[in-house]
Amino acid sequence: MKTFIAATIIFALLCSAIFGISSAVVQRLGELTALALALPEDAGEFSPPSERLLSQTTQLGTLWEKSMHFFPYIMGYEMLDRADEAALSLAAYAKSGEQAEFLAAKTRFLDSVARLRELFGVNFSAIA
């Protein structure tokens, strides 16, 4: 009976750790998605790079860098490389004022974050 109780406690701790980590990752990815979606797309922001564009891109880059302190411990580098490259490209293209490349990097970043969110979300239909 002691073994069953110990196994039940260990299983409950394991499930709560999985759900906790998944929730934290999905929440952070949601914040990154919201920041990326808020980035401007109109040409007026790019001619001379506006202060708003630069500050929003810097804010996204800062949150991404903070996320990269714990993402590599739970995700593979292959999954993170595409999003990391797109996040760095966003900052570079915002400073240079390249609208087409900026929008392409934004699309790559949003796609990468959506894939990461799908991979780390808890889906009960996948269990069955």
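The structure presented is a predicted model; accordingly, all values stated were derived computationally and were not measured.

Novice: An account of the pattern of salt bridges is needed here, citing residue identities and associated values.
Specialist: Summed over all chains, the structure comprises four salt bridges. Asp-111 is the partner of Arg-115 in a salt bridge, and the nearest nitrogen-oxygen pair spans 3.0 Å. In this pair, Arg-115 and Asp-111 are both assigned in helix H5 (residues 99-120), four residues apart and thus about one turn of the helix distant. The class of Arg-115 is exposed, set by a relative accessible area of 52%. Overlapping salt bridges, with partners in common, bring together Arg-82, Asp-111 and Arg-115 in one network.

Novice: Which residues make up the packing of aromatic side chains, and what are the values?
Specialist: Going through the model one piece at a time under the given rule, you end up with three aromatic pairs. Summarising the aromatic geometry, the rings of Trp-64 and Phe-71 are spaced 6.0 Å apart at their centres and angled 70° between planes, so their arrangement reads as edge-to-face. Between the aromatic rings of Trp-64 and Phe-109, the centroid separation amounts to 5.7 Å while the plane-to-plane angle is 80°, which identifies the pairing as edge-to-face. Taken together, the residues span a long stretch of sequence, with Trp-64 in helix H2 (residues 51-67) and Phe-109 in helix H5 at a distance of 45 residues. The buried category is assigned to Trp-64, whose relative accessible area is 1%. Looking at Phe-109, the relative accessible area reads 0%, which means it is buried. By way of ring pairs, the aromatic residues Trp-64, Phe-70, Phe-71 and Phe-109 are connected into one cluster.

Novice: Describe H5, listing the residues and the values that go with them.
Specialist: A rise of 1.5 Å per residue sets the reference length of H5, with its 22 residues, at 32 Å; its end C-alpha atoms lie 31 Å apart and thus fit the reference within 8%. Looking at H5, one finds that the buried residues are Phe-102, Ala-105, Lys-106, Phe-109, Ser-112, Val-113, Leu-116 and Phe-120. Taken down its axis, H5 places every buried residue within 135° of arc, on the same side. Exposed and oriented more than 90 degrees from the buried face of H5 are Ala-100, Thr-107, Arg-115 and Glu-118. Close packing links the buried residues of H5 with helix H1 (2-37), H2, helix H3 (71-74) and helix H4 (77-96).

Novice: How would you sum up the environment of Glu-65? Please name residues and give values.
Specialist: Position of Glu-65 among the secondary structure elements: in helix H2. Along the chain, Glu-65 and Asp-42 lie 23 residues apart, while their C-alpha atoms are 26 Å from each other.

Novice: Please set out the confidence of the model for the protein chain residue by residue, giving values where relevant.
Specialist: Residue-level pLDDT values for the protein chain average 88, and 97% of them are 70 or greater. Looking over the protein chain, one finds the lowest element-wise mean pLDDT in H3, namely 88, and the highest in H1, namely 93.

About the cut-offs
Residues numbered from 1 in each chain as written. Predicted model: local features only at pLDDT ≥ 70, side-chain atom pairs only at ≥ 80, totals over all residues. Heavy atoms only, no water. Salt bridge = Lys/Arg side-chain N within 4 Å of Asp/Glu carboxyl O. Helix = DSSP H or I, 4+ residues; strand = E, 2+ residues; numbered from the N terminus. Buried < 20%, exposed > 50% of the residue type's maximum accessible area, 1.4 Å probe, protein only. Phe/Tyr/Trp six-rings, centres within 6.5 Å; stacked < 30°, edge-to-face > 60°. Expected span 1.5 Å × (residues − 1). Arc of directions from axis to C-beta. Contact = heavy atoms within 4.5 Å. pLDDT = per-residue confidence, 0-100.

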